[in-house]
Amino acid sequence: MGAGSSASLLSSLVKREMQSRYAGSALGAFWAYVQPLLTVAVYFLVFDVVFAMRMGEHAPTERVGTYLVVGALPWLAFADGVSRGASSLVDSAGILQKNALPPVLFVIRSVLASWLAFMPIMVLLAVLYGFITGHWRAIAALPILLLLQLVLCYLCGHVLAILTAATRDTTQVLGFALGVGIFLSPVLFPLSLFPVDWQWALYLNPMSAWVLAYQSVMLSGLWPGLYLWGIMGLWLALLAGVLVWLNRNSREELVDWL
Amino acid sequence: MSASPQVSLQVSGLGKCYGVYARPQQRLRRLLTGAAAPQQHWSLKDVSFDLHKGQCLGVIGDNGAGKSTLLKLLAGSLQPSKGQVLRTGRLTAILELGAGFHPEFTGRDNLHFAGGFMGFSAFDMQQLTPSILDFAELGEAIDRPLKTYSSGMVVRLAFALVTAVQPEVLIIDEALAVGDQHFQKKCVERIDSFRRNGCTILFCSHSLYHVRQLCDQVLWLDKGLVRGLGRTEEIITAYETHVRLQDVSAPPEGAVTQVYAQTDKPAAEATPKEPVLVVKEGQRAVQATIVQASMEGLIVPAYGDRPTLQTTDVRLSLRVVTPDRQPPSLGFMLEQFKGVGIMSLATHAEGVAPTAVAHQPGRSEWLMHLSLPDFPLHSGTYVWSFYLFDAQGLVVCDEWKDHIVFDWISPSLTPGLVRLPHVWG
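All of these numbers come straight from a predicted model, not from anything done at the bench.

Calculation criteria
- Residues numbered from 1 in each chain as written.
- Chains lettered and ligands numbered in written order.
- Predicted model: local features only at pLDDT ≥ 70, side-chain atom pairs only at ≥ 80, totals over all residues.
- Helix = DSSP H or I, 4+ residues; strand = E, 2+ residues; numbered from the N terminus.
- Buried ≥ 20, exposed ≤ 12 C-beta atoms within 10 Å, placed from the backbone.
- Domains from an automatic or database assignment.
- Contact = placed C-beta atoms within 7 Å.
- Pairing = 2+ DSSP bridges.
- Axes fitted to C-alpha atoms, helices over the stretch in contact; angles between N-to-C directions.
- Parallel < 35°, antiparallel > 145°, perpendicular 65-115°, else oblique.
- Left-handed = near helix turned anticlockwise from the far one by under 90°.
- Nonpolar A, V, L, I, M, F, W, Y, C, P; charged D, E, K, R; others polar.
- Expected span 1.5 Å × (residues − 1).

Looking now at the overall build of chain B. Across its full length, chain B carries 9 helices and 21 strands. For chain B, buried positions account for 34% of its 425 residues.

Let's shift gears to the domain arrangement of chain B. All names here are of chain B. On domain assignment, one finds that chain B holds domain 1 (7-247) and domain 2 (277-408). On a C-alpha basis, the centres of domain 1 and domain 2 stand 33 Å from each other. Facing the 10 residues of domain 1 at the interface are 11 residues of domain 2. Sorting the residues of the side of domain 1 that touches domain 2 by element identifies α6 (181-196) and α7 (208-214) as the ones contributing at least two each. Here the side of domain 1 that touches domain 2 gets 6 residues from one element, more than from any other, and that element is α6.

A few words now on the sheet that holds strand β21 (residues 396-408) of chain B. Residue and element names in this part refer to chain B. Taking strand neighbours across the sheet as the criterion, the 6 strands line up as β13-β14-β21-β20-β16-β17 in an open arrangement whose pairing is mixed. Because the sheet does not close on itself, it has two edges, and the strands there are β13 (298-299) and β17 (341-346). Both β13 and strand β14 (residues 308-309) contribute to a ladder of 2 bridges, which runs antiparallel. In the sheet register, Ile 299 faces β14, and the bridge partner there is Thr 308.

Residues and elements named next belong to chain A. Close contact between helix α2 (residues 30-50) and helix α3 (residues 64-91) brings their axes to 8 Å; oriented N to C, the two are set at 160 degrees. With respect to α3, the element α2 is oriented roughly antiparallel. Crossing of α2 against α3: the hand is right-handed. Between α2 and α3, the residues in contact are Pro 36, Thr 39, Val 40, Tyr 43, Phe 44, Val 46, Phe 47 and Asp 48 and Val 64, Gly 65, Thr 66, Leu 68, Val 69, Ala 72, Leu 73 and Leu 76, respectively. For the contact of α2 with α3, the per-class residue count stands at 12 nonpolar, 3 polar and 1 charged.

Below, the discussion takes up helix α7 (residues 142-166) of chain A. With 25 residues, α7(A) ought to run about 36 Å at 1.5 Å a step, and its terminal C-alpha atoms sit 36 Å apart, in line with that. Among the 25 residues of α7(A), 19 are classified as buried, and the element is accordingly described as predominantly covered.

With that settled, consider the sheet that holds strand β7 (residues 200-204) of chain B. Residue and element names in this part refer to chain B. Here we have 6 strands laid out as an open sheet, ordered β5-β6-β7-β3-β8-β9, and mixed in their pairing. One side of each edge strand has no neighbouring strand; the edge strands of this open sheet are β5 (91-94) and β9 (225-231). Mean inter-strand twist for the sheet, computed between neighbouring axes without regard to direction, equals 15 degrees. The sheet contact formed by β5 and strand β6 (residues 169-173) spans 4 bridges and is parallel. Note on β6: the bridge partner recorded for Leu 91 is Val 169.

When the parts of a complex come together, some accessible area is lost, and that lost area is often taken as the interface size. Taken residue by residue, the interface counts 26 residues in chain B and 29 residues in chain A. At the level of secondary structure, the elements contributing two or more residues to the side of chain B that touches chain A comprise β1 (7-20), α1 (24-33) and α3 (107-117) of chain B. Among the elements that make up the side of chain B that touches chain A, the one with the highest residue count is α1(B) (5 residues). Partitioned by chemical class, the residues of the side of chain B that touches chain A number 11 nonpolar, 11 polar and 4 charged.

Where the residue is not glycine, phi is negative for most of them; where a peptide bond is considered, it is trans in most cases. Residue and element names in this part refer to chain B. With phi around 50 degrees, Asp 46 is a residue other than glycine that occupies positive phi space. Along the chain, Asp 46 turns up in strand β2 (residues 39-52). One non-glycine residue, Lys 223, adopts positive backbone phi at about 50 degrees. Here Lys 223 shows up in the loop between β8 (217-222) and β9.

With that settled, consider α3(A). For α3(A), which comprises 28 residues, the first-to-last C-alpha distance of 39 Å matches the rise-based estimate of 40 Å (1.5 Å per residue) to within 8%. Across the 28 residues of α3(A), 24 count as buried, placing the element largely inside the fold.

The structure is reproduced here in structure tokens:
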């Protein structure tokens, strides 16, 4: 299959994935945007309007809702993309076993469909924060971060999809990891609240570097520090290596395992 | 990859090995360490053949012989463990119709989407859609969600899509048995027209009749290995012997003693089969069925299980109904009971046609007599089977297999099976 026809097939796969998730509902694909939008609205309403909670001294912002949204939205996008990516191959077993199509298309389809649902809201949020804070220079880093997050979701999703094909236990472990992972990240609590000796543990969660980068861009108005780019690069390289290895060991049998 | 121009499909040393994993942990270990599977099962081993443009290869074999694996390897949905497949041009596989359709979307949406899997662009699909819709005969239903379709409608849509463009190589897995008779006939005709236009076909079926009709070469697979490859008649005869030997070594229980008699119903069925009414294009039409098959001169004994033929002149009659006025082809097959086949006759092959008994709108009744004067067989137990085909003898509309079983005591006392026409001196 040529690159051109792969791209056109991928675009139709993504479109269909977004439609089929909400097929039979009156609002259709609109739901994909409504869900995260409502989550964001609730955070603002509860923490900043109703309770008007304030952060501690060293936090990058003092409003709790404002702080939470910047980390929670990318985290939701990550969790959604990774879990959809992880189940993408098993879910497409019927199609893969009957058509001569490369499995990678279906991983990309799921991850991309999820990312496309979250991205407009991230952009909307960035514009909103831009007007409030005026950190436009730093916000220019956002497209790069979003793209790198897409790559991260794809790599995690594909690795997990192959693991899920080999053993379905992966789904259970992933559900637990995503539930707990949010605590092992600066999404809910600012970095300053974590004991200094244990802060390294946060980076065991691949999303921590991204969350810190988003917070730096949108709350502090600073380009993410070099060390954050470094950690992101390390995670991407590590996952790419693992993916190549798993692919090598499973290429021949993958479709049989589904 | 492509083969030389005259060869459409070149298969060399093709093999597929499945890893057998008792527990998921073993699969995980294979994945993480790259270690080999604990046990390996070769479901296909060392298959090689060349198919030239316009050839039609039948693939036969028992269940589990590796037929489906071979077809999937050729279609590219399975990765071979060994060997390679070279081919020229577009390859279409009719493996499982309708896989990948989504029930919530309309027929039209599904069509465009599934077209993408086959490598058609949106523009191609726009061009092809009218002819696909025309062939599938779904009418306005095409814009309704797929979940409102009957299974036959889904299959019609899928078949129309996959055969919308004539491929260089067509792979068919038992797909001829789709939809109602009217549609089956269209399917067979379309495949036949592909064949006449030079399409290379690989056809996998349990229906030896269809393999004989369509294929000029046959590949016989047995436990993943090639047991025979060559001219249709040669290989099928060998395969039939193999099946018969299997049957002899493991006789079906209980089924035998009821299979006799000169009744109006198929022996295998408890109640007579009424011609089923189907509604087609607003007009009531019957399905093509056999309604009566009989043999004269059979005496049912007071005790014992089988009737005996009491005359040397055998006369059979076969009565069928069809939905249209086109004379169908009727088939008669005589076999040794639980033994070899002796002869088969089909009216279309012999240039005769059954007589019309009655014509009504949507229902025609036909009758054919067959006489075998001076029955030339030696003593034994024999069985008649009856078939109803379409006019060209391609679609089997109905079959009454092993319908009349009878004993025959020949006046001749010399050993043998049949007294062939002969001349002395």
